[in-house]
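Take a look at the letters that make up each chain.
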Amino acid sequence: VLFNMGNYAAARPYLEKAAVDAERTLQPKNSTLQDVLASLADLELASGNLERARQLSNRVYTTRLATYGADHPRVAQAMNNRARVALARNRPAEAVDLALQAEAITRSAFRATARSLTEHEALRFEAIRVSGLDLAIAALEQMTRSGHADGGEGARVWDAVVHSRAMVMDEMTERRHS
C-alpha cells in the first residue's frame, strides 16, 4: 500500500524485511519469494536505484525462466520488468527487444487460453494480460527523440501492435466460423 501511494521510503523497510524473511524460509524457486523480489525491484526502480533494480529484475527473470520455461506468462512479466529497467537506464533498444519478447510470450499464452474461454472472458483476459506494447512504444519514442531509431525498431513495434490488436478479433472470427 505504501509503495502504491508513492511513499517509497516508508515501504522500503517492509519490503526489505519481507525479502530477507522469504529468502530465509522459502525455496529459491518459490513464487512468493519471486514476487517479493520483483516488488523490491519495482521499489528500487521507482527510487532511482537502477543498478539494484537491474540485479533484482535479472534474478527474478532467471529464476522464473528456470522454474516455468521460456513460454510462460510469469517469465514474460519478469522480462517486461527488465525492459522497464532498461528503459530507465537509457537503453531503449534493449527495452524494445525485451518488451517485444514479453509481448510475444503473452500473445501466445492468450491464444492458447482464449480457446477455452467465452468471448466475454477472452476479452477480459486480453485487457489484463501483461503486455510489452506500451513499454516498447515508449522505448521507440525515446530512441526517435534521441535520433537513434533506425526504422527497423519502429516496424517491429508497429507490427507487434497490429498483431496484438488483430489477435482478439481473429479468435472471435474463428469461433464464429467454426
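Note that this is a predicted model, so its numbers are computed, not measured.

Rules behind the numbers
- Residues numbered from 1 in each chain as written.
- Predicted model: local features only at pLDDT ≥ 70, side-chain atom pairs only at ≥ 80, totals over all residues.
- Heavy atoms only, no water.
- Axes fitted to C-alpha atoms, helices over the stretch in contact; angles between N-to-C directions.
- Helix = DSSP H or I, 4+ residues; strand = E, 2+ residues; numbered from the N terminus.
- Parallel < 35°, antiparallel > 145°, perpendicular 65-115°, else oblique.
- Left-handed = near helix turned anticlockwise from the far one by under 90°.
- Contact = heavy atoms within 4.5 Å.
- Buried < 20%, exposed > 50% of the residue type's maximum accessible area, 1.4 Å probe, protein only.
- Polar contact = N/O pair within 3.5 Å; in protein donor to acceptor, adjacent residues only side chain to side chain.
- Salt bridge = Lys/Arg side-chain N within 4 Å of Asp/Glu carboxyl O.
- Core = buried A, V, L, I, M, F, W, Y, C linked by side-chain atoms within 4.5 Å.
- Phe/Tyr/Trp six-rings, centres within 6.5 Å; stacked < 30°, edge-to-face > 60°.
- Lys NZ or Arg CZ within 6 Å of the ring centre and 35° of its normal.

Further remarks concern the packing of helix H2 (residues 31-47) against helix H3 (residues 50-68). Packing of H2 against H3 brings their axes to within 8 Å, and their N-to-C directions diverge by 155°. Here H2 lies roughly antiparallel to H3, going by the angle between them. The hand of the H2/H3 crossing is left-handed. Between H2 and H3, the residues in contact are Ser31, Gln34, Asp35, Leu37, Ala38, Leu40, Ala41, Glu44 and Leu45 and Leu50, Arg52, Ala53, Leu56, Ser57, Arg59, Val60, Thr63, Arg64 and Tyr68, respectively.

With that out of the way, let us pick up the side chain of Thr63. Tracing the backbone shows Thr63 in helix H3. Take Thr63: its relative accessible area is 15%, and that puts it in the buried class. At 3.0 Å, the side chain of Thr63 and the backbone oxygen of Arg59 are in polar contact. In contact with Thr63, not counting residues within four places along its chain, are Pro28, Lys29 and Gln34.

Inspection of the entire model under this criterion finds 13 salt bridges. In this structure, the salt-bridge partner of Arg74 is Asp35, at a minimum N-O distance of 2.6 Å. In this pair, Arg74 sits in helix H4 (residues 73-88) while Asp35 sits in helix H2, placing the two residues 39 residues apart along the sequence. Glu103 is the salt-bridge partner of Arg107, the closest N and O atoms lying 3.6 Å from each other.

Among the nonpolar cores identified, the biggest contains 36 residues, and Leu37, Leu40, Met79, Val96, Leu100 and Val157 are the most heavily contacted of them. Looking at this core, the elements with two or more residues in it are helix H1 (8-25), H2, H3, H4, helix H5 (92-114), helix H7 (133-145) and helix H8 (152-177). What Leu40 contacts, discounting residues up to four positions off in sequence, is Leu15, Glu16, Ala19, Arg52 and Leu56. Among the nonpolar cores identified, the runner-up in size contains 7 residues, and Phe110, Ala114, Leu117 and Met167 belong to it.

Turning next to the packing of aromatic side chains. Going through the model one piece at a time under the given rule, you end up with 1 aromatic pair. Relative to Tyr8, the ring of Phe3 lies with its centre 5.4 Å away and its plane at 50°, an arrangement referred to as tilted. With relative accessibility at 29%, the residue Tyr8 sits in the partly exposed group. Of note, Arg82 hangs over the ring of Tyr61, and the distance from its end group to the ring centre comes to 4.4 Å.

Next up on the list: unusual backbone geometry. Unlike most non-glycine residues, Asn90 shows phi in positive territory, near 65°. Mapped onto the elements of the fold, Asn90 is located in the loop between H4 and H5. The exposed category is assigned to Asn90, whose relative accessible area is 55%.

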